[in-house]
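Overview (structure and organization)
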Amino acid sequence: RYSCRAFLPEPLPRSTIDAILATAQRTASWCNAQPWQLTIASGATLERLRSALQSHMLAAAPQPDLPWPLEYRGVYQERRRECGWGLYEALGIAKGDREASARQAAQNFTMFGAPHVAIVTSDEALGVYGAVDCGAYVSNFMLAAHSLGMGSIAQAALASYPGVLREVLGIGEDRCIVCGISFGRADPAHAANHFRTTRADPASSVVWRE
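Just so it is clear, the model here is predicted, and its values are computed rather than measured.

Some remarks on the layout of surface pockets
The space that makes up the largest pocket amounts to roughly 1,700 Å³. Forming the walls of the largest pocket are 36 residues, and the residues nearest its centre are R5, Y72, R80, C83 and G84. Elements represented by at least two residues in the lining of the largest pocket include exactly helix 3 (74-90), helix 4 (98-106) and strand 3 (151-155). Broken down by element, the lining of the largest pocket gets its largest block of residues, 11 residues, from helix 3. Taken together, the residues that form the lining of the largest pocket break down as 18 nonpolar, 10 polar and eight charged. One number sums up the size of the second largest pocket: a volume of about 290 Å³. In terms of lining, the second largest pocket is formed by P64, L66, P67, W68, V138, M142, A154, Q155, A156, A159, V178 and C179. Listed by contribution, the elements that provide at least two residues to the lining of the second largest pocket are helix 5 (127-147), strand 3 and strand 4 (175-184). Its residues assigned to classes, the lining of the second largest pocket comprises 11 nonpolar, one polar and no charged.

And the structure:
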């Protein structure tokens, strides 16, 4: 799978979404709590959410329920930069063109034109363990979508303004907003969908003690 950043506008059949959800629900979780809950927006509701997020990003600083990373250090920063520069190169955005890169970043709040977005939340009382379980669920959701020929992208950016999500989608204060997943059919002609990230050698992620 890959992170799809341009979608065709046609909505998916409900049966396809139900199939993705059924597979993702098999995700393992701490004590089998299965804390993830999805609020899926489509149609007019999704348009209201797009409009509200785009207005809010111009007027307020992000205030996510879960704090952003303190910093990206060493190899993590290197990988982050490689990913960003690779995407910008695919889109014809020159290094240092902050205006163009900001426009691309703002596409997060249009959900890249996807016909559906799922806002993933956990029970606030479960803290970090609920968020970890949701991360596993997000991965399985996206793999399930890919297996059915659909595109998707996980978006931490959509958690930037939890107040907007709660107001538009009716999400309760007892739910911790983890991230969003935009999904639908990928636009195969869009340059952003021709970009692929690299992966480190598995050995770089393992320490053996025998």
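Overview of the packing of helix 2 (residues 43-59) against helix 6 (residues 162-169)
Axis angle and axis distance: for two packed helices, these are the angle between their axes and the distance between the axes, and together they describe the pair. Packing of helix 2 against helix 6 brings their axes to within 10 Å, and their N-to-C directions diverge by 155 degrees. By the angle between their axes, helix 2 is roughly antiparallel relative to helix 6. You can see that helix 2 and helix 6 cross each other, and the crossing is right-handed. Within the contact between the two elements, helix 2 uses T45, R48, L49, A52, L53 and H56 and helix 6 uses V164, L165, V168 and L169. Along the lines of polarity and charge, the residues of the contact of helix 2 with helix 6 split into seven nonpolar, two polar and one charged.

Digging into the nonpolar core
One recurring pattern in soluble globular proteins is that nonpolar side chains are buried together. Core analysis: the biggest nonpolar cluster contains 22 residues, and L49, L53, M111, V117, I119, L158 and L165 have the highest contact counts within it. Every residue in contact with I119, bar those within four places of it in the chain, is listed here: Q37, L38, T39, L158, L165, L169, I171, I177, C179 and G180. Residues V120, Y137, V178 and F183 belong to the second largest nonpolar core, which totals 19 residues.

Looking at the packing of aromatic side chains
Tallying each qualifying case throughout the model produces five aromatic pairs. For the ring pair Y137 and F141, a centre distance of 6.3 Å and an interplane angle of 40 degrees mean the geometry is tilted. Pair noted here: Y137 and F141 are both in helix 5, with a separation of four residues, about one helical turn. An identical accessibility class is assigned to Y137 and F141; each is buried. In textbook terms, an aromatic cluster arises when at least three aromatic residues are bridged by ring pairs, as seen for W36, Y137, F141 and F183. Its guanidinium or amino end placed over the ring of W85, K95 lies 4.1 Å from that ring's centre, counting from NZ or CZ. Residue placement shows R196 over the ring face of Y2; its charged tip is 3.8 Å from the ring centre.

What about the environment of S15?
Within the secondary structure, S15 sits in helix 1 (residues 14-24). Remark: the alpha-carbon pair of S15 and R80, spanning 65 residues in sequence, is separated by 36 Å.

What about the packing of helix 1 against helix 5?
With their axes 8 Å apart at the nearest point, helix 1 and helix 5 run at an angle of 135 degrees to one another. The angle between the axes of helix 1 and helix 5 places the two elements in the oblique class. Pair helix 1 / helix 5 crosses with right-handed handedness. Contacts from I20, L21, T23 and A24 in helix 1 reach Y137, N140, F141, A144 and A145 in helix 5. Of the residues assigned to the contact of helix 1 with helix 5, the class counts are seven nonpolar, two polar and no charged.

Re the pattern of salt bridges
A full pass over the atoms with the stated rule returns six salt bridges. When the shortest N-O distance is used, the salt bridge between R103 and E99 registers 3.2 Å. Taken together, the positions of R103 and E99, both in helix 4 and four residues apart, correspond to about one turn of that helix. Since its relative accessible area comes to 49%, R103 is described here as partly exposed. We classify E99 as exposed; its relative accessible area is 59%. As a salt-bridge pair, E173 and R166 come within 4.0 Å of each other at their nearest N and O atoms. E173 sits in the exposed class, given a relative accessible area of 65%.

Conventions we followed
- Residue numbers restart at each chain and count upward from 1, following the sequence in its written direction.
- This being a predicted model, a pLDDT of at least 70 is required before a residue's local features are given, and a value of 80 or more before pairs of side-chain atoms are given or counted; all residues contribute to the totals for chains, interfaces and linings.
- Hydrogens are left out, water is left out, and the side-chain values use all remaining heavy atoms of the structure.
- Grid spacing is 1 Å over the protein atoms alone, the probe is 1.4 Å, and a cavity is where that probe fits but cannot get out, while a pocket is an open set with protein on both sides within 12 Å along at least five of seven lines and lining residues have an atom within 4 Å of a point.
- Grid points are joined across faces, edges and corners, and a volume is the space filled by probe spheres set on the points.
- Think of it this way: any DSSP run of H or I at least four residues long counts as a helix, any run of E at least two long counts as a strand, and we number them from the N terminus.
- Residue polarity follows a fixed list, in which Ala, Val, Leu, Ile, Met, Phe, Trp, Tyr, Cys and Pro are nonpolar, Asp, Glu, Lys and Arg are charged, and the others, Gly among them, are polar.
- Angular values range over 0 to 180 degrees, each being the angle between N-to-C directions of two axes fitted as lines to C-alpha atoms, with helices fitted over their stretch in contact.
- By the definition adopted for this analysis, an angle is roughly parallel if under 35 degrees, roughly antiparallel if over 145, roughly perpendicular if from 65 to 115, and oblique otherwise.
- Note on convention: near helix rotated counterclockwise from far helix by under a right angle means a left-handed crossing. Clockwise means right-handed.
- Only heavy atoms enter the contact rule, under which two residues are in contact if any of them lie within 4.5 Å.
- Put simply, buried Ala, Val, Leu, Ile, Met, Phe, Trp, Tyr and Cys residues joined by side-chain atoms within 4.5 Å make one nonpolar core.
- Throughout, exposure labels follow a simple rule: accessible area from a 1.4 Å probe, protein chains only, divided by the maximum for the residue type, with under 20% read as buried, over 50% as exposed, and the rest as partly exposed.
- Two aromatic rings from Phe, Tyr or Trp, using only the six-membered ring of Trp, form a pair when their centres are within 6.5 Å; if the ring planes differ by under 30 degrees the pair is stacked, by over 60 it is edge-to-face, and anything between is tilted.
- Put simply, a charge is over a ring when the Lys NZ or the Arg CZ is close to the ring centre, within 6 Å, and near the line of the ring normal, within 35 degrees.
- By definition here, a salt bridge exists when the distance from a side-chain nitrogen of Lys or Arg to a carboxyl oxygen of Asp or Glu is within 4 Å.

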